[in-house]
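Architecture and fold: a report
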Amino acid sequence: MFIIKATNWKRGAEMDGGSDKWLMIIMVLVIVFLLWRVFSSWLYRPAPFKPGHGFEVNDQFERTAAVELLERSGYEVVSGKLKVPLTFECDNERLYSRLYIDYVVSKDGAYYVVKEARDRQPVEWTGTGVRKALLPFLLLYPDCEGMLYINGEMNEIRKIRLANEEEY
């Protein structure tokens, strides 16, 4: 009789072990799934905006009125004009374009892309106008603090950044 009870006890232990195995398998699968999600979101996130990462820094630039205005306002010019090549695929045809960044500056550890005012490309200072003219620059490097739009003739610097949804 003692043998039968021991056998029954052992059978009960095996059943609990089986359910523990399934619980462990489910936990491992959940952990693997979460790690995969974190890795895939990291993989498709744009490159952080730091000089030397994601673009070549052009440290040769002319001392123009715009550069002097930026330096008087406390910004350090990190890079001169940058050309950002863009390639689009439209109905299996490749289309090419580019964006130009006039300067990259830093202030208090934050980086800003800079666009100079052009007479041929005026910006309409409405939500729609700013979106049409400047949104690609803000989306290009999301780790930037924002962008500066400078008008050297008017001695004016406008700081533009995307507002968080909570701020809207």
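Residues numbered from 1 in each chain as written. Predicted model: local features only at pLDDT ≥ 70, side-chain atom pairs only at ≥ 80, totals over all residues. Heavy atoms only, no water.

Counting secondary structure elements, the protein chain contains three helices and seven strands. Going residue by residue from the N terminus, the α and β elements of the protein chain occur as α-α-β-β-β-β-β-α-β-β. Relative to its full complement of 168 residues, the protein chain shows a buried share of 24%. A fraction of 53% describes how many contacts in the protein chain between residues 6 or more apart in sequence connect residues 24 or more apart. (Helix = DSSP H or I, 4+ residues; strand = E, 2+ residues; numbered from the N terminus. Buried < 20%, exposed > 50% of the residue type's maximum accessible area, 1.4 Å probe, protein only. Contact = heavy atoms within 4.5 Å.)

Quantified by volume, the largest pocket comes out at close to 290 Å³. In terms of lining residues, the largest pocket is bounded by 16 residues, among which K115, R118, Q121, A133 and F137 are the most central. For the lining of the largest pocket, the secondary-structure elements that each account for two or more residues are β3 (93–101), β5 (110–116) and α3 (127–140). Grouping the amino acids of the lining of the largest pocket by side-chain chemistry returns eight nonpolar, one polar and seven charged. (1 Å grid on protein atoms, 1.4 Å probe; cavity = no way out; pocket = protein on both sides within 12 Å on 5 of 7 lines; lining within 4 Å. Points joined across faces, edges and corners; volume = space filled by probe spheres on them. Nonpolar A, V, L, I, M, F, W, Y, C, P; charged D, E, K, R; others polar.)

Another aspect to go through is the nonpolar core. Nonpolar side chains tend to gather and get buried jointly when the protein is soluble and globular. I101, V113, L134, F137, M147 and I160 are the most contacted members of the largest nonpolar core, which totals 17 residues. Mapped by element, the contributors of at least two residues to this core are β2 (82–90), β3, α3 and β6 (146–151). The greatest single-element share of this core, amounting to four residues, is contributed by α3. Other than its neighbours up to four places away in sequence, F137 contacts L99, Y100, I101, V113, K115 and M147. Residues A66, V67, Y75 and Y112 belong to the second largest nonpolar core, which totals 12 residues. (Core = buried A, V, L, I, M, F, W, Y, C linked by side-chain atoms within 4.5 Å.)

This part is about the pattern of salt bridges. The final tally for this structure, using the stated rule, is four salt bridges. Put simply, E71 and R63 hold a salt bridge, and the shortest N to O gap is 2.5 Å. According to the relative accessible area criterion, E71 is partly exposed, its value standing at 33%. The shortest N-O distance in the salt bridge between E156 and R158 comes to 3.7 Å. Judged by relative accessible area, which is 28%, E156 ranks as partly exposed. Look at R158 and you get partly exposed, because its relative accessible area is 31%. When salt bridges with common partners are traced through the structure, they connect K81, D102 and R118 into a single cluster. (Salt bridge = Lys/Arg side-chain N within 4 Å of Asp/Glu carboxyl O.)

Another point: the sheet that holds strand β1 (residues 76–79). Ordered by their spatial adjacency, five strands build an open sheet running β1-β4-β5-β6-β7, and the pairing between neighbours is mixed. Among the strands making up the open sheet, the edge pair consists of β1 and β7 (156–160). With direction set aside, neighbouring strand axes in the sheet form an average angle of 35°. Looking at chain direction, β5 and β6 are connected through five bridges and run parallel. Its bridge partner being in β6, K115 is matched across the sheet by Y149. (Pairing = 2+ DSSP bridges. Axes fitted to C-alpha atoms, helices over the stretch in contact; angles between N-to-C directions.)

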